[in-house]
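# Coordinate inspection notes
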Amino acid sequence: MTEINSTAIQYNLTLGWGISVKTLGAAIGLSILLFANVAVARSSPGTCWMSDNSGCRSFIGKRLWVSIPPGDPNVVEVTFLQHDWTTERTLKLKSGASFVVKDLTTASVGADDYYVMLNDGRRGWVGSATPFLIDDDAVAVRTHADEDCIGRGQPKIGMTAAELIASCWGKPHRIVRKTTTSGIEDNYSIGHIVKFSHGKVSEIIETR
């Protein structure tokens, strides 16, 4: 698949009669690739405008992150004066930056703009057609998962099935029930094998 590079996400083209028009080179390139090669299964913060601008409203109240491929010179621009995308006046956000979407506002031309609040409290606008926005951050998600795991605790010998499921390991992928001379034995597969005897965890076997 041919990669389309744009030197800017948003820039201003001043026509002969002095009207400033916001153009979206990168977004146009992205839309061509998407419509030509894939069907978008789920609206993302940078593609929700393609079918219906109102679709971007689902991101109001959510935090969005800037995610730009390594080596790509583009940035995500924030304007603090609505409809003014003069390059010298915008804030340039790079990968890892984030903001909270407070509203969706009508742009002077093209797709609607996100009205956002930055981490320092400042508010401004970001074009919803910007292709470098995601609604989850892999590092943040992993950190939250690790913290949640610590809070729930690790499985221990003597736990009941309910206590095991409430632990960091969660629900089993598979349960194998065996009937032996000593009774019924349940084996839970949760990445590792957890054996139950008389309704409680009797053995934890780590698999590598």
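Residues numbered from 1 in each chain as written. Predicted model: local features only at pLDDT ≥ 70, side-chain atom pairs only at ≥ 80, totals over all residues. Heavy atoms only, no water.

## Let's talk about the side chain of Asp84
Stated precisely, the cut-off is as follows: Secondary structure follows DSSP: runs of H or I at least 4 residues long count as helices, runs of E at least 2 residues long count as strands, and numbering of each begins at the N terminus. Note on exposure labels: buried denotes an accessible area under 20% of the residue type's maximum, exposed denotes more than 50%, and partly exposed covers the range between, all computed with a 1.4 Å probe on protein chains only. The term polar contact refers here to a pair of N or O atoms within 3.5 Å; inside protein, the definition further demands a hydrogen-donor-capable atom paired with an acceptor-capable atom, and it admits residues adjacent in sequence only when both atoms are side-chain atoms. Contact between two residues is taken to exist if any of their heavy atoms lie within 4.5 Å; hydrogens are not considered.
Among the secondary structure elements, Asp84 is positioned in the loop between strand 4 (76-78) and strand 5 (91-93). The class for Asp84 is buried, based on a relative accessible area of 13%. At 2.6 Å, the side chain of Asp84 forms a polar contact with the side chain of Thr86. Apart from residues no more than four positions distant in its own chain, Asp84 is found in contact with Thr79, Arg89 and Thr90.

## Quick word on the sheet that holds strand 3 (residues 63-66)
What counts, and what does not: DSSP-based pairing: two strands are paired if at least 2 bridges between them are found.
Read from one edge of the open sheet, 5 strands run 8-7-6-3-9, paired in antiparallel fashion. On the outer flanks of this sheet lie strand 8 (123-127) and strand 9 (133-134), each paired with one strand and no other. Note: strand 3 against strand 6 (residues 98-105), 3 bridges, orientation antiparallel. Bridging across to strand 6, Trp65 finds its partner in Ser98.

## So, the pattern of salt bridges
Side-chain pairing between opposite charges can occur once the charged atoms of the two side chains come close. Counted only if it meets this: By convention in these notes, a salt bridge is any Lys or Arg side-chain nitrogen within 4 Å of a carboxyl oxygen on Asp or Glu.
Going through the model one piece at a time under the given rule, you end up with 5 salt bridges. A salt bridge links Arg89 to Asp84, with the shortest nitrogen-to-oxygen separation between them at 2.6 Å. On the basis of relative accessible area, Arg89 is assigned to the exposed category, the value being 57%. Of the charged contacts in the structure, one is a salt bridge between Arg177 and Asp186, with a shortest N-O distance of 2.7 Å. Judged by its relative accessible area of 57%, Arg177 is exposed. Classification of Asp186 as buried rests on a relative accessible area of 13%.

## Some thoughts on the side chain of Glu77
On the secondary structure map, Glu77 appears in strand 4. A polar contact is formed between the side chain of Glu77 and the side chain of Thr90, at a distance of 2.6 Å.

## Description of the confidence of the model for the protein
For clarity, the threshold we go by: One number per residue, pLDDT, summarises how confident the predictor is, and it ranges from 0 to 100.
Of the residues in the protein, 73% reach a pLDDT of 70 or more, and the chain-wide mean stands at 77. Here residues 1-41 is modelled with pLDDT under 50, and outside its nearest four sequence neighbours on either side it reaches 66 contacts, counting other chains as well.

## Observations concerning the state of the cysteines
Throughout this description, disulfide means a covalent bond between two cysteine sulfur atoms. Note the threshold: Two cysteine sulfurs form what is called a disulfide whenever their separation falls within 2.5 Å.
Counting across every chain of the model gives 2 disulfides. A sulfur-sulfur separation of 2.0 Å characterises the disulfide bridge that pairs Cys48 with Cys56. Taking the sign of the torsion about the S-S bond as the criterion, the disulfide between Cys48 and Cys56, at about 100°, is right-handed. Note on Cys48: relative accessible area 1%, which makes it buried. When its relative accessible area of 0% is taken as the criterion, Cys56 is described as buried. Note on cysteine connectivity: Cys149 is disulfide-linked to Cys168, with sulfurs 1.5 Å apart. Taking the sign of the S-S torsion, -95° for the link of Cys149 and Cys168, the bridge is left-handed. Residue Cys149 is found in helix 2 (residues 138-152), and its partner Cys168 is found in the loop between helix 3 (161-166) and strand 10 (174-180); the two are separated by 19 residues along the sequence. Taken in N- to C-terminal order, the disulfide-linked cysteines of the protein are connected 1-2, 3-4.

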